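# Observations on the model geometry
Here is what each chain is made of, one letter per residue.
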Amino acid sequence: MWPLIKNNIQIILSRKSILFLLLFLPVILFSLGLLNNSTSDIRLRIAVHDEDKTNLSQSLSETLARDGSQVKDIAPEDIENSLLDGKEDAVVLIPAGFEAAFLRGEQPEVTLRTLKGQEVVASLKASLDMHLSALNRLRDIRQPESGAALVGAMAEAEADGLRFESRRITEGNVSQSLNFASGMLFYVLTMSMLQATALILQEKHWNTLNRVRQAPVGKFTYLTANFLTAAIFLLANIFFLFLLTTFVMKVKTTPAMYALWFFYGIIWIFFGIFLALVVNSRAVHASIVPIFTTVFAMLGGSFWPLWLMPEFMRKLAMITPHYWANDAMTLIQKGQSLFAQKTDLLALAGFLLLFFALGVFALRRSQSVENFL
Amino acid sequence: MRSLQFLKKEGLHSLAAPETVLLMLLFPLLITWVLGTAFSGISARTIDLPEARMPFVSDGGMAAQLYQGNSGHSGITFEPVSREEADSGLMDGSLKQYVELTDKALILHSDDPQGMEAMMVRMYSNAFIQQANLTGLALKEGRLDLAAPQFFEYTRIEGMDGRAEPSSFGYYGVTMLTMILMYGSLQMLSMLSQEKAARTSLRLKASPYAMGKVFLVKTLASCFILMVQAAIIVLFNHFVYGIEYRNIGLVLMMVVPLAVFVTSLGVLSYQVFRTENAASVFLNILTIALVFLGGGYMMVSLDDSTFAALTQFSPIGWVNQGLFQYIYRGSSAPILWAGAKLLGLGLVMYLLAFWLFKKEEGSDRVAAD
């Protein structure tokens, strides 16, 4: 067994392209992923053009800001270009005389200007309508003399009443950078493990088939050696990542994360062996791998957050190991145990068993080592 | 005549190669579908309202019913669950966030309080709380006639036409086309190396057909096949995905300089790196970097300054921006300028590769022998 593994390692070490893919690309992409500073914060960018400039009109801006939106004033001549250039999601236009009309019991209109098709503005409209409807009711209850009194009465009513709170479910903070880096790692690990197990196909291409035929090696031994070779490079990857996150780009990682990355790599080693057994041509293998790895990584949320995708695509994402691995990574960052929340672990174990079973099935279909080569 | 026969041979080789169909055709079509569908809710300017479903824990009282009942305006559907169901969902990971109504507060339990659904809940809940508090105030003031929540429409949405922008399919219909054209450099590489791999290089050398012509015909064949592949992708995108290209014939003409550029890049890489593997690694990395810088993977605005700065460094970005400007703004100057630059660069690289080839013609080290 060991001579086979040693031979495989020597072959890989002598080929710069595979070596780069197996050892350096995972570290490079993970590092680039860590540089990503994006956040998952969603804020509507709202500009307000207030021609009324009264207490009531100003309270509308405060209400919008309280909801978490970014609110700023805008000059009328800038409105169109700001919307067309995407600098603002919506512009609120408050007409002169708004407060006076409101206090008289009329129903003055606020205009919400936006681009056609900007659906998220529907939430904004509902929020403003409900706020102004509440002020309308308060005006009827309290009969205030001025806008300032009305706004003051609303603050008073809110002080002792029901309030809105946001609470975290778990204590751990999820780093978007680490999530993105891990997603990139899942992508590149898939690719590199499929390349590592492609050594089975390379034997044929390099005309070393006869040597394998003459050697006293069983087919399971041969495949186990290939599996262990890929696992050794996977371990090396994990070790380099440990060095990177501990000494170079300091990020809070846990043993569970390394275990997850390792477990994920093992899943793809099994799939790689299956693929190498069923695909006969190196060219077909080389064409399938980028298609498979890229599409699965995109679907599984390795490149962008899943909420960006429509509902059915999010459901479709569940057929990829990437989806469960990314979810498990988030759970680990939240400080939860994968053994307590078993779904992700079970799903990943299911993929592992499936790929292992496919490999065994493919191997049984072939009668000998010579056949599968 | 011999050149035509050689061209035919190269064409047949390419048709028989699995990467011609799998990587150069199936891959871009599949990726366009995945990316186009994944980002169908997002254009460069607008974000669709997601179908927000939020588990809701309450005592089922009047306030809870009002909270659920009025949420339709905000696009949120609250789904009542018991406390036990919520706890169990949190334990098994099937429940990521929920809203709880108690005597004192409306509580959003979430680890993603800045996400889209959380924002929608926050906006609606703040407005609802005002109404709920006023009900308490009305009862306290003895105004039973004003105890029920009211809802009037004060806000009018005024939608304005945006500039013509690509949809997600429109965007990736262009960027995946240029991405796959970029992979044409690898196809060129494979064409050059196949004679060595198939051990027909000696036969070619011994034939009366000049090696210089072999070099020329191979590059011509690669360019031609690449354009055929581009035409298939564009036609499929147009008729199956409904992607508009303004004028398909002109768009195909506009990407010819890119095909020349990538073919020259493939030839030069092979001559410089000497082996297919080394050149392949270099071209793969370069392709990913140029496509990324050119906005091939992520959908970005046509007017975004950061993106505009990045695309200056990528020939793919020049072509992408030029095609967008032509298709959606009707301006052909950017794509013509990009084409001129690419043809210039392509010609320089091709001449350099040919000089390297001629320099060592006949030796075993020459890459394309």
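Residues numbered from 1 in each chain as written. Chains lettered and ligands numbered in written order. Predicted model: local features only at pLDDT ≥ 70, side-chain atom pairs only at ≥ 80, totals over all residues.

### Let's talk about the overall build of chain A
Scanning chain A from terminus to terminus reveals 17 helices and five strands. Computed over its C-alpha atoms, the radius of gyration of chain A comes to 30 Å, more than 25% above the 21 Å expected for a compact globule of 373 residues. Sorting the 373 residues of chain A into buried and exposed places 43% on the buried side. (Helix = DSSP H or I, 4+ residues; strand = E, 2+ residues; numbered from the N terminus. Rg over C-alpha atoms; globule rule 2.2 N^0.38 Å. Buried ≥ 20, exposed ≤ 12 C-beta atoms within 10 Å, placed from the backbone.)

### Here's the deal with the overall build of chain B
Each helix and strand counted, chain B has 15 helices and five strands in total. Relative to the 2.2 N^0.38 estimate, which gives 21 Å for 369 residues, the radius of gyration of chain B is 30 Å and therefore markedly larger than a compact globule would have. Projected onto its principal axes, the C-alpha positions of chain B cover 105 × 45 × 35 Å. Across the 369 residues that make up chain B, the buried fraction comes to 44%.

### So, helix H16 (residues 342-365) of chain A
Residues and elements named next belong to chain A. The end-to-end C-alpha separation of H16 is 34 Å, in line with the 34 Å expected for 24 residues at 1.5 Å each. Taken as a whole, H16 has its buried residues at Asp344, Leu348, Phe355 and Gly359. On its buried face, H16 is in contact with helix H12 (255-278) and helix H15 (321-333). (Expected span 1.5 Å × (residues − 1). Contact = placed C-beta atoms within 7 Å.)

### Examining the interface of chain A and chain B
Residue-level contacts link 83 residues of chain A with 85 residues of chain B. Looking at which element gives the most residues to the side of chain A that touches chain B, the answer is helix H6 (residues 121-142) of chain A, with 19 residues. Residue classes in the side of chain A that touches chain B are distributed as 39 nonpolar, 22 polar and 22 charged. Pairing of strand S4 (residues 110-115) of chain A with strand S5 (residues 155-160) of chain B involves six bridges; the strand directions are parallel. The residue of S5(B) that forms the bridge with Leu115(A) is Met160(B). (Nonpolar A, V, L, I, M, F, W, Y, C, P; charged D, E, K, R; others polar. Pairing = 2+ DSSP bridges.)

### Considerations on the sheet that holds strand S4 (residues 105-110) of chain B
Taking strand neighbours across the sheet as the criterion, the five strands line up as S5(A)-S4(B)-S3(B)-S1(B)-S2(B) in an open arrangement whose pairing is mixed. The strands lining the two open edges of the sheet, one partner per strand, are strand S5 (163-167) of chain A together with strand S2 (76-80) of chain B. Looking at each pair of strands side by side, their axes are set apart by 30 degrees on average, direction ignored. Relative to S2(B), strand S1 (residues 52-57) of chain B runs parallel, the two being bridged by five bridges. Among the inter-strand pairings, Ala52(B) is bridged to a residue of S2(B), identified as Ile76(B). (Axes fitted to C-alpha atoms, helices over the stretch in contact; angles between N-to-C directions.)

### Side note on the confidence of the model for chain B
Residue and element names in this part refer to chain B. Overall, the prediction assigns chain B a mean pLDDT of 84, with 91% of residues at 70 or greater. Looking at the elements of chain B, mean pLDDT is at its lowest for helix H13 (residues 305-311), recorded as 66, and at its highest for helix H10 (residues 248-254), recorded as 95. Contacts of residues 365-369 to residues separated by more than four positions or lying in other chains number 16 contacts, the stretch itself having pLDDT below 50. If you check the scores for this complex, the pTM reads 0.76 and the ipTM reads 0.71. (pLDDT = per-residue confidence, 0-100.)

### Section: the domain arrangement of chain A
Each domain of chain A was delimited in the assignment, giving domain 1 (2-38 + 174-372) and domain 2 (45-154). On a C-alpha basis, the centres of domain 1 of chain A and domain 2 of chain A stand 53 Å from each other. (Domains from an automatic or database assignment.)

### A word on the domain arrangement of chain B
According to the domain assignment, chain B consists of domain 1 (2-43 + 165-359) and domain 2 (52-146). Computed over C-alpha atoms only, the centres of domain 1 of chain B and domain 2 of chain B are separated by 53 Å.

### Thoughts on the environment of Ala16(B)
Residues and elements named next belong to chain B. Relative to the elements of secondary structure, Ala16 occurs in helix H1 (residues 2-16). Using a count of 10 C-beta atoms within 10 Å as the deciding quantity, one classes Ala16 as exposed. In the structure, Ala16 is positioned 170 residues away from Leu186 in sequence and 16 Å away in space, judged by C-alpha atoms.

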